[in-house]
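Understanding the architecture of this molecule
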There are 2 protein chains.
Amino acid sequence: MRALTFDGSIAKVSDVAKPDLAPDSALVRVTLAGVCNTDLELVKGYMAFRGTLGHEFVGVVEDGPPEWLGQRVVGEINFACQSCPICHEGLQRHCPSRRVMGILEADGSFAEYVNVPIANLHTVPESVDDDSAVFAEPLAAAFEVLEQVHVMPNQDCVVLGDGKLGLLVAQVLRQAGAQVLVVGHHPENLEILARRDIETIEDSNWTPGSASLVVDATGSAEGLQRAVAATRPRGTVVLKSTTATKTSVDLSQLVVDEIRVVGSRCGPFPPAIRALETGSIDVRSLISHRCSLNDASDALERAGDPGQLKVLLEP
Amino acid sequence: MRALTFDGSIAKVSDVAKPDLAPDSALVRVTLAGVCNTDLELVKGYMAFRGTLGHEFVGVVEDGPPEWLGQRVVGEINFACQSCPICHEGLQRHCPSRRVMGILEADGSFAEYVNVPIANLHTVPESVDDDSAVFAEPLAAAFEVLEQVHVMPNQDCVVLGDGKLGLLVAQVLRQAGAQVLVVGHHPENLEILARRDIETIEDSNWTPGSASLVVDATGSAEGLQRAVAATRPRGTVVLKSTTATKTSVDLSQLVVDEIRVVGSRCGPFPPAIRALETGSIDVRSLISHRCSLNDASDALERAGDPGQLKVLLEP
């Protein structure tokens, strides 16, 4: 089968062996996959990953338990042991011996087929087409903010960054009732939010105020410092950016203003799938490019262009 | 009167004018003052402070409202406007136009007299002597951890640092019921905690585990990174260290493990005073040196010696 693999220096499409069905898993034929900024960090060296990239997908179960055969599915990316104390607490996404699809010791979804543990599968409702379903994983990551922080109706929130994740987080916060201001660099991306009546401002026109919740979705190492500067005393910063580089931070404002910084990663799929089903979150406007898996290497480069939103790959 | 003043380059004791009584304040004759690590950071340039240093004290009201005259008092250090929205929320310690005793635009307690707003005063119970009362401010800062984080009985906590604040935080956490391990460099300091049945370990023998709450009381810029490394997924780091320098941090573990970092500064005086009254927290063992205010300049240097605990100044 074809797959986009990374060998530590180059990401390229090649023919690899179709995987056998793994234990307790389903073999999923990928129908659509999405490129995430984490993929771009991985090819810069983050996590020292080797193998098939990709962790956003929708597909159809081709092999596995009979009740799953033919089901259209999306899948959670953390493959947990299900037996350690952390898993028993319900924190499977943090299992210390987890593998992570396309990120850590598990092949990913930029391929014709991918193995996904049964425990990680979610059926896609009929009314949710592939173009929407492929957003289940990043939308779940946006909902994670609500799992970690009690966002109050009418709370003043700032989202730094108008990339893919920023646009999803902004909509999730708005849906929770919050007052949201999104600070970005790309008028065409901000326009997507303006159409949903979410307030936006171009970065160069913005003066950091003192919001009670600031989400850093810039994807840049400098995001934390900017977010802290925009947060009120005793306020909260949610840090969504994972980068391969160290960053220099002045921690004194964090201490003096008693700010809380919450690292945030993967989130719960069920609310994401429900939001896709009701159409309450606009994901389709985020599709900026689609191409064949054969051109995945170019697509990965394109996904790194400033302002680029979701790039989709069709195996 | 004599006072230890800092002019931006040198901290020295000299004769300065005795202050007039300020509006809405009491003029307090200082009977004992304590040196804090923040004083040492201030003379390194932190906050660009100029004036009389010192923010830990106990004293007697010599001038002010009749009902306060002759009262033995301690005082909160954040002089708030009491009229802005932040003050009206009860967050006076975060008032954006606050002055801070001996730290920001207000003269401090390393002097024979200091002005303290009436709103900041607390009467010292008769049974609490000056040697204990002078710890009210740093002990309040230790109690701040319990204001910010829900510490559960039996929670596994690690305190990094066996300096003054580390020893107070460890005792406060233990008093809240937590399982506490203190990691330090100074056997004689750790021994103070061992006498209170608090578990301790020398840093060189310690392997970071995965505690659910880690308090960084190292006072060093590297404390955050070490604390994050010792915290379990979804765990909490309380950051107590304020330093004048920037620090380089790898934020990826914070995001991947979804760790929460809470900056922590000044705390509530009433629980601190109650603890001093009942004797539930050992503060007297933390007194490592006392000297006349005349020798304050030397005392400040001595307070910076490794392992040195509380240095007290007698005006």
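Not measured: the values here are computed from a predicted model.

So, about the environment of B:Phe143. All names here are of chain B. Note on placement: Phe143 falls in helix H4 (residues 136-148). Its relative accessible area of 8% is what places Phe143 among the buried residues. With 37 residues separating them in the primary sequence, Phe143 and Ala106 have C-alpha atoms 24 Å apart. Once you skip the residues sitting within four places of it in the chain, Phe143 turns out to touch Val172, Gln175, Pro268, Pro271, Ala272 and Ala275.

Counting across every chain of the model gives 32 salt bridges over all chains. A salt bridge links A:Lys18 to A:Glu62; the nearest nitrogen and oxygen atoms lie 3.1 Å apart. Of this pair, A:Lys18 sits in the loop between strand S2 (11-15) and strand S3 (25-34) while A:Glu62 sits in strand S5 (residues 56-63); the two residues are 44 residues apart in sequence, bridging distant segments of the chain. According to the relative accessible area criterion, A:Lys18 is partly exposed, its value standing at 40%. With a shortest N-O distance of 2.6 Å, A:Asp130 and A:Arg72 are connected by a salt bridge. Here A:Asp130 is found in helix H3 (residues 130-133), whereas its partner A:Arg72 is found in strand S6 (residues 72-75), with 58 residues between them in sequence. A relative accessible area of 22% places A:Asp130 in the partly exposed class. Each of A:Arg93, A:Glu144, A:Glu147, B:Arg234 and B:Glu258 takes part in one network of salt bridges that share partners.

Across the boundary between the two partners, chain B contributes 40 residues, which contact 40 residues of chain A. Roughly 3,300 Å² is buried in total at the junction of chain B and chain A, and carbon and sulfur atoms are behind 57% of that figure. Linking chain B to chain A there are 4 salt bridges. For B:Glu89, the salt bridge is made with A:Arg232, and the minimal N-O distance between the two is 2.9 Å. The interface formed by chain B and chain A includes 13 residue pairs in polar contact (both at pLDDT 80 or more). Contributions of two or more residues to the side of chain B that touches chain A are made by H4, helix H7 (223-229), strand S16 (231-239), strand S17 (247-249), helix H8 (252-256) and strand S18 (260-263) of chain B. Taken together, the residues of the side of chain B that touches chain A sort by class into 15 nonpolar, 11 polar and 14 charged. Both strand S18 (residues 260-263) of chain A and S18(B) contribute to a ladder of 3 bridges, which runs antiparallel. Note on S18(B): the bridge partner recorded for A:Val261 is B:Val261.

Moving on: the relation of the copies chain B and chain A. Mapping chain B onto chain A calls for a screw motion: a turn of 180 degrees about the axis and a shift of 0.0 Å along it, with 0.0 Å RMSD after fitting. What the superposition gives is, in effect, a two-fold axis relating one chain to the other. Minimal C-alpha distance to the rotation axis in chain B is attained by B:Ser248, lying at 2.0 Å. Both copies present the same face, since 100% of the interface residues in chain B are matched by interface residues at the equivalent positions in chain A.

Once that is clear, we can look at the sheet that holds strand S4 (residues 51-52) of chain A. Residue and element names in this part refer to chain A. Taking strand neighbours across the sheet as the criterion, the 3 strands line up as S2-S1-S4 in an open arrangement whose pairing is antiparallel. In this open sheet, the two strands that pair with only one neighbour each are S2 and S4. Direction of pairing for strand S1 (residues 2-6) relative to S4: antiparallel, over a ladder of 2 bridges. Its bridge partner being in S4, Thr5 is matched across the sheet by Thr52.

Attention now moves to helix H5 (residues 164-175) of chain B. Side chains three or four residues apart in an α-helix point the same way, a direct result of the helix having 3.6 residues per turn. All names here are of chain B. With 12 residues, H5 extends 17 Å from end C-alpha to end C-alpha; this agrees with the ideal 16 Å at 1.5 Å per step. Every buried residue of H5 is accounted for by Lys164, Gly166, Leu167, Leu168, Val169, Ala170, Gln171, Val172 and Leu173. Positioned one or two residues after H5, Gly177 has a phi angle of 105 degrees, which is positive.

All names here are of chain B. Taken residue by residue, helix H9 (residues 269-278) has Phe269, Pro271, Ala272, Ile273, Ala275 and Leu276 as its buried positions. Buried-residue contacts for H9 involve strand S6 (72-75), strand S11 (121-123), helix H3 (130-133) and H4. Of the residues flanking the end of H9, it is Gly279, one or two places downstream, whose phi is positive at about 75 degrees.

What follows covers the sheet that holds strand S1 (residues 2-6) of chain B. Residues and elements named next belong to chain B. The strand order S2-S1-S4 describes an open sheet built from 3 strands, whose pairing is antiparallel. Whereas interior strands pair on both sides, the edge strands pair on one side only; in this sheet they are strand S2 (11-15) and strand S4 (51-52). Pairing between S1 and S2: 5 bridges, direction antiparallel. Each bridged residue has a counterpart across the sheet, and for Leu4 the counterpart in S2 is Val13. Those strands touched by helix H10 (residues 296-303) are S1 and S2, and its axis lies near 160 degrees from that of S2.

What follows deals with the environment of B:Ser220. Within the secondary structure, B:Ser220 is located in the loop between strand S15 (211-216) and H7. Sequence separation between B:Ser220 and B:Ala303 is 83 residues; the distance between their C-alpha atoms is 15 Å.

Okay, the domain arrangement of chain A next. Residues and elements named next belong to chain A. Looking at chain A, the domain boundaries give domain 1 (2-135 + 283-314) and domain 2 (140-263). Spacing between the C-alpha centres of domain 1 and domain 2 amounts to 26 Å. Summing the contributions of domain 1 and of domain 2, the shared interface buries around 1,200 Å²; its carbon and sulfur component is 56%. Interface area lost by domain 1 to domain 2 is led by Tyr46, Leu286 and Leu309, which between them contribute 37%. Taking the shortest distance from any N to any O, the salt bridge between Glu144 and Arg93 comes out at 2.9 Å. Summed over the shared surface of domain 1 and domain 2, the number is 5 residue pairs in polar contact (both at pLDDT 80 or more). Looking at the side of domain 1 that touches domain 2, the element that brings in the most residues is helix H1 (residues 37-42), giving 3 residues. Here the residues of the side of domain 1 that touches domain 2 sort into 7 nonpolar, 5 polar and 3 charged.

Right, let's get into the packing of H4(B) against H5(B). Two measures define how a pair of helices packs: the angle their axes make with one another and the distance between the axes. All names here are of chain B. At a minimum axis distance of 9 Å, the contact between H4 and H5 shows a crossing angle of 45 degrees. The angle between H4 and H5 places the two elements in the oblique class. The chirality of how H4 crosses H5 is right-handed. Residues Pro138, Leu139, Ala141, Ala142, Phe143, Val145 and Leu146 of H4 pack against Leu165, Leu168, Val169, Val172, Leu173 and Gln175 of H5.

Calculation criteria
- Starting from 1, residues in each chain are numbered consecutively following that chain's sequence as written.
- Following the order in which they are written, the chains are lettered starting with A and the ligands numbered starting with 1.
- For this predicted model, a pLDDT threshold of at least 70 governs which residues receive local features, and a threshold of 80 or more governs which side-chain atom pairs are given and counted, while totals over whole chains, interfaces and linings are taken from all residues.
- Only hydrogens and water are removed before side-chain values are computed, so all heavy atoms of the structure are retained for them.
- By the criteria applied, helices consist of DSSP H or I runs no shorter than four residues and strands consist of E runs no shorter than two, each listed in order from the N terminus.
- Buried, partly exposed and exposed residues are distinguished by accessible area as a fraction of the type maximum, computed with a 1.4 Å probe on protein chains only: under 20%, between the cut-offs, and over 50%, respectively.
- What makes two residues a contact is simply this: any of their non-hydrogen atoms within 4.5 Å.
- Think of a salt bridge as a Lys or Arg side-chain nitrogen and an Asp or Glu carboxyl oxygen that are within 4 Å of each other.
- Using a 1.4 Å probe, buried area is obtained as the accessible area two parts lose upon being combined, added over both of them.
- Pairs of N or O atoms within 3.5 Å make up the polar contacts considered here, provided that, within protein, one atom can donate a hydrogen while the other can accept it, and that residues adjacent in sequence are counted only when both atoms are side-chain atoms.
- Just so you know the grouping, Ala, Val, Leu, Ile, Met, Phe, Trp, Tyr, Cys and Pro go in nonpolar, Asp, Glu, Lys and Arg go in charged, and all remaining residues, Gly too, go in polar.
- Pairing between two strands requires that DSSP report at least two bridges joining them.
- Here the copies are matched by least squares. The fit uses the C-alpha atoms of residues with pLDDT of at least 70 in both.
- To estimate how far a helix should reach, multiply one less than its number of residues by 1.5 Å.
- To obtain each axis, a line is fitted to C-alpha atoms, and for helices this fit is confined to the stretch in contact; angles are then taken between N-to-C directions over 0 to 180 degrees.
- Note that domain bounds follow an automatic or database assignment of domains.
- Angular relationships are summarised with four words: roughly parallel below 35 degrees, roughly antiparallel beyond 145, roughly perpendicular across 65 to 115, and oblique for the angles in between.
- Crossing handedness is read from the near helix: turned anticlockwise from the far helix by less than a right angle, it gives a left-handed crossing, and turned clockwise, a right-handed one.

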